[in-house]
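# Chains, contacts and geometry: an overview
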Amino acid sequence: MTLLSRTPINTLAVIGNHMPRQCGIATYTTDLCTAVEQAFTNTEVFVLAMNDCAEGYAYPERVRFTLDQHDALAYRSAADNINLSNADVVCLQHEYGIFGGNADGDLFDLLRNLRAPLVTTLHTILRDPEPEQRRVLNELAQLSDRLVVMSERGATFLREIYAVDANKIDVIPHGIPDVPFLDASFHKDQFHAEGKQVLLTFGLLSRNKGIEHVIKAMPSILVHHPDVVYFVLGATHPHVLQHEGEAYRTSLKDLAHKLGVADRVIFYDRFVSIERLIEFIGAADIYITPYLNPAQIVSGTLAYTVGAGKAIISTPYWYAEELLADGRGVLVPFAHAEAIARSVHELLGNDAARHAMRKQAYLLGRSMLWPQVATRYMETFQRARAEHRLSERVRVRRQGVEQRGVELPAINIAHLRRMTDDTGMFQHAVMAMPNLNEGYTTDDNARALIAAVKLDELSQPEAAALTTRYMAFLWYAFNPLAGRFRNFMCYSRHWLEKIGSEDSHARALWALGFTLNRSTREDLIGVASELFTRALPAALTFTHPRPCAFALLGLHEYLQRFANDQFAQRARAMLTAGLMAHYAANRADDWRWFGPELTYDNAILPHALLLSGSALDQSDMRDMGLEALTWLVAQQLDAAGHFVPVGCHGFAQRGGAMARYDQQPLEAHAMVLATLDAWQITGDPVWRTQAHRAFAWFLGDNDLGLALYDPTTGGCYDGLLVDRVNQNQGAESTLAYLLARLELGRVTEASSPLHLATELVVFARKVVPLPLPPPLPPLPLPLPQRSKKQRLDGAQ
């Protein structure tokens, strides 16, 4: 599977200038967005456009946000806008001067607060930067997940001058439109240039363009080629227009009159569409870029004309030296009219050489077409997402979490109440609002019952009422004809199935057993006892390890209170025997697990054996649980020392790599519960450390340094994605956090920060691969199947 298919980009945010603003960055940004939209129709593209004037521009719908470049206070709120848009990647088009502050310093208030991966395209890379310019580019490089440059020289400068890691740099050529390889005569009639040889320079006019040197060359050119005309296409740059008006254009016209070539130098004072520009380029026999600044790392006009297969004469600025190498153009010295005239004469006088140059340029341009460039950008975006957890911004966030330590937040049940109506707890949320369309599940109401019973133990207000509501839901969920719980119920209170999943049935058993053991309310105990008795027999038909483990957790709780229940004892024996058999069948040196893959709620499996083995005083069962839990901890511990639950996009197959994302709160919750019980059973403090480490995942000690628990709502985000949190706060996630928080508080009575980094080395020594112990003793065989009546009666 390719990176392209693994990491889809659903939403792309682009920061930069955008047409109808007239500048090269605006044109590039507009063309890039269009190319991505056309090549990747499932990707939504929106733009945050920089404004350089108070009145702004009549932007198209694609421009969702605007930002006044000089409004320093607005940069932070712009980051909030992008974060709320749920962008998968942010692409910054950087050019000195289009952002506010000294050397664009205001921009960093925006970038530092972005949550999504950042890909920055550098349109200028200075060889001899001023100190502030160097600082800006260095910080851009630190904050960006990937850097895009459009020339090999740009990549070299980043490595050698700015010490940027080469692995962070992608060279993607300047995009160009796809135009056919035509004879220049095809378009000349549109410009009344039939029978003439056309020289062309286009772009926004400013004094660094060097057009005066081409005009100075015209008298010499006309001596040998009297049919030559020189087209100068482009409006004056808006910023130049503000400061000096049309002084430069006027000086060029005056020079043409003075030299007697005014009728051969034709000015088109306009900013044309891409379609019209292609026609101008098509009509040119020779394109000339007489720029005066050697430190130009990219030129869109030069890229366009190379792609159109034009004969080109250029001064040797950096981009021209690279693009026109190997016979793709002619380089002349800066400000050298004689050299320009000589080169024009040689090209117009040698059709074979001119057409060979055109062909070389056109062939190179095939790799610069916008569809290919869009694909290259998408690969960069996906790589940025995949590598975001290693970025500088994430490192700084994680460092802050480690320095602060991890405290247990105050208990907050506001979101639990918000997600519960008079029927039960809703399954999903839109942000922090219940999603009524998705209805309810037995899974979530079983978890909610456990949480409510724990809250009732703490004398939390409203806990008693919530406990009654969740128990009533389970009573209604049970289908007495099938002896099974239903799981999915729509908002109109209609069941969507007659029998739910084995997981949901077993989770309900866990909740009922927990209620029977921990609640002091006789009304609840009576209902729970009836349901537990009627629902337990079905669990003995389950074969998958996970529902068996859930049922064992329920049986463990139940037998704490009703230790002499012979049927419950036999049920525990059957389920533990099956779980041990699964482990024995799959266990190997490199795979200490109950099946061929790790999926979800993984720690529940060793947790069930650990509790059962301890209660039964069976050391082999307990040790098997500890061995599997120790191995699981090692799989889910990052080298940096934080908890990394197996990702749900692929999970982990034996012999394969573990999926990193999306990381689910359910997994952290299961690990907290299992390791806390391991600590209580063994007395080994490393398990307490691991419980805190797994809980710290909720609070930001994770791959991205982002908290999943939201103290403002009391809810928990639905998962850690490759580059951000899932903004929804559903029942499963919120209950996973709340249950872990309640149990950790009950067991550890923690009141001060636990600095995880100080305990990392101690714990790491505990998770090295364990040697295989002696052969396992014979496992007890499953009990023979009994009739439903025998199971209910607990017959001999």
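Residues numbered from 1 in each chain as written. Predicted model: local features only at pLDDT ≥ 70, side-chain atom pairs only at ≥ 80, totals over all residues. Heavy atoms only, no water.

## Quick notes on the overall build of the protein chain
In terms of helices and strands, the protein chain carries 31 helices and 23 strands. Relative to the 2.2 N^0.38 estimate, which gives 28 Å for 796 residues, the radius of gyration of the protein chain is 35 Å and therefore markedly larger than a compact globule would have. With respect to the three principal axes, the spread of C-alpha positions in the protein chain is 115 × 55 × 50 Å. A buried classification covers 58% of the 796 residues belonging to the protein chain. (Helix = DSSP H or I, 4+ residues; strand = E, 2+ residues; numbered from the N terminus. Rg over C-alpha atoms; globule rule 2.2 N^0.38 Å. Buried < 20%, exposed > 50% of the residue type's maximum accessible area, 1.4 Å probe, protein only.)

## A look at the domain arrangement of the protein chain
What the domain assignment reports for the protein chain is domain 1 (11-171), domain 2 (189-365), domain 3 (440-586) and domain 4 (588-751). Using C-alpha coordinates to define each centre, domain 1 is positioned 53 Å away from domain 3. (Domains from an automatic or database assignment.)

## Focus: the confidence of the model for the protein chain
Looking at the protein chain, the pLDDT average stands at 90 and 91% of residues meet or exceed 70. Below pLDDT 50 for its whole length, residues 1-5 participates in eight contacts with residues either more than four positions away or in separate chains. Confidence drops under pLDDT 50 across residues 750-796; counting only partners more than four residues distant or on other chains, this segment forms 78 contacts. (pLDDT = per-residue confidence, 0-100. Contact = heavy atoms within 4.5 Å.)

## Looking at the nonpolar core
Within the largest apolar cluster, 121 residues are counted, with the highest numbers of intra-cluster contacts made by Leu416, Leu474, Phe485, Trp593, Phe695 and Phe698. Looking at which element gives the most residues to this core, the answer is helix α29 (residues 731-748), with ten residues. Counting contributing residues, this core receives three or more from each of domain 3 (440-586) and domain 4 (588-751). Beyond its immediate sequence surroundings of up to four residues, Leu416 is in contact with Met425, Leu455, Leu466, Tyr470, Leu735 and Leu738. Ile15, Phe40, Val63 and Tyr162 belong to the second largest nonpolar core, which has 110 residues in total. (Core = buried A, V, L, I, M, F, W, Y, C linked by side-chain atoms within 4.5 Å.)

## A word on a nonpolar patch on the surface
A grouping of Leu84, Val430, Met431 and Met433 is seen on the molecular surface, where their side chains present a nonpolar patch of about 400 Å² in accessible area. Inspection of the secondary structure puts Met433 in strand β15 (residues 433-434). (Patch = residues over 30% accessible without salt bridge, like charges linked within 9 Å, V, L, I, M, F, W, Y side chains within 5 Å. Areas by Shrake-Rupley, 256 points an atom, 1.4 Å probe, with all protein chains shown as cover. Salt bridge = Lys/Arg side-chain N within 4 Å of Asp/Glu carboxyl O.)

## Brief notes about the side chain of Asp444
Counting through the fold element by element, Asp444 comes out in helix α19 (residues 442-457). Judged by its relative accessible area of 3%, Asp444 is buried. Aside from chain neighbours lying at most four places away, what touches Asp444 is Gln427, Ala731, Glu732 and Leu735.

## Side note on the packing of aromatic side chains
Inspection of every chain in the model, using the stated rule, returns 32 aromatic pairs. Centroid distance Phe478 to Phe485: 5.1 Å. Interplanar angle 70°. Geometry classified as edge-to-face. Assessed through its relative accessible area of 6%, Phe478 is described here as buried. Phe485 gets classed as buried once you look at its relative accessible area, which sits at 0%. On the numbers, 4.0 Å between centres and 15° between planes, the contact of Tyr709 with Tyr737 is stacked. With Tyr709 in strand β22 (residues 709-710) and Tyr737 in helix α29, the pair connects residues that are 28 residues apart, well separated along the chain. One exposure class covers both Tyr709 and Tyr737, and it is buried. One aromatic cluster is present, built from ring pairs that chain together Phe426, Tyr440, Phe473, Tyr476, Tyr491 and Trp495. (Phe/Tyr/Trp six-rings, centres within 6.5 Å; stacked < 30°, edge-to-face > 60°.)

## Considering the sheet that holds strand β6 (residues 146-149)
Within a sheet, each strand pairs with its neighbour through backbone hydrogen bonds, oriented either parallel or antiparallel. Taken in spatial order, the seven strands make up an open sheet running β3-β2-β1-β4-β5-β6-β7, and their pairing is parallel. The open sheet has two free edges, formed respectively by β3 (63-68) and β7 (169-171), since each of these has just one partner strand. Across the sheet, the mean angle separating the axes of adjacent strands is 20° when strand polarity is ignored. Where strand β1 (residues 11-16) and strand β4 (residues 89-94) come together, four bridges link them in parallel fashion. By the bridge assignment, Ala13 is partnered in β4 with Val90. Most of the contacts of helix α6 (residues 152-160) go to β7, to which it runs at about 165°, and overall it touches β5 (118-122), β6 and β7. Contacting β1, β4, β5, β6 and β7, helix α16 (residues 370-387) runs over the sheet at an angle of about 160° to β6. (Pairing = 2+ DSSP bridges. Axes fitted to C-alpha atoms, helices over the stretch in contact; angles between N-to-C directions.)

## Considering the UniProt feature "domain: Glycosyl transferase family" (unreviewed entry) in the protein chain
UniProt records the feature "domain: Glycosyl transferase family" (unreviewed entry) for residues 187-362 in the present numbering. Segment residues 187-362 splits into 47% helix and 15% strand. End C-alpha atoms: 18 Å apart. (UniProt positions renumbered as here; feature names shortened; annotations may be inferred.)

## Looking at the environment of Asp263
Along the chain, Asp263 falls in the loop between α10 (247-258) and β10 (265-268). Along the sequence, Asp263 and Tyr230 sit 33 residues apart, while their C-alpha atoms lie 9.4 Å from each other.

## Some points on empty space enclosed by the protein
Applying the stated rule across the entire model yields four cavities of 30 Å³ or more. Considered as a void within the structure, the largest cavity measures approximately 70 Å³ in volume. Along its surface, the largest cavity is lined by Ile82, Asn83, Asn86, Ala87, Arg115, Ala116, Arg724 and Gln727. A per-class count over the lining of the largest cavity returns three nonpolar, three polar and two charged. (1 Å grid on protein atoms, 1.4 Å probe; cavity = no way out; pocket = protein on both sides within 12 Å on 5 of 7 lines; lining within 4 Å. Points joined across faces, edges and corners; volume = space filled by probe spheres on them. Nonpolar A, V, L, I, M, F, W, Y, C, P; charged D, E, K, R; others polar.)

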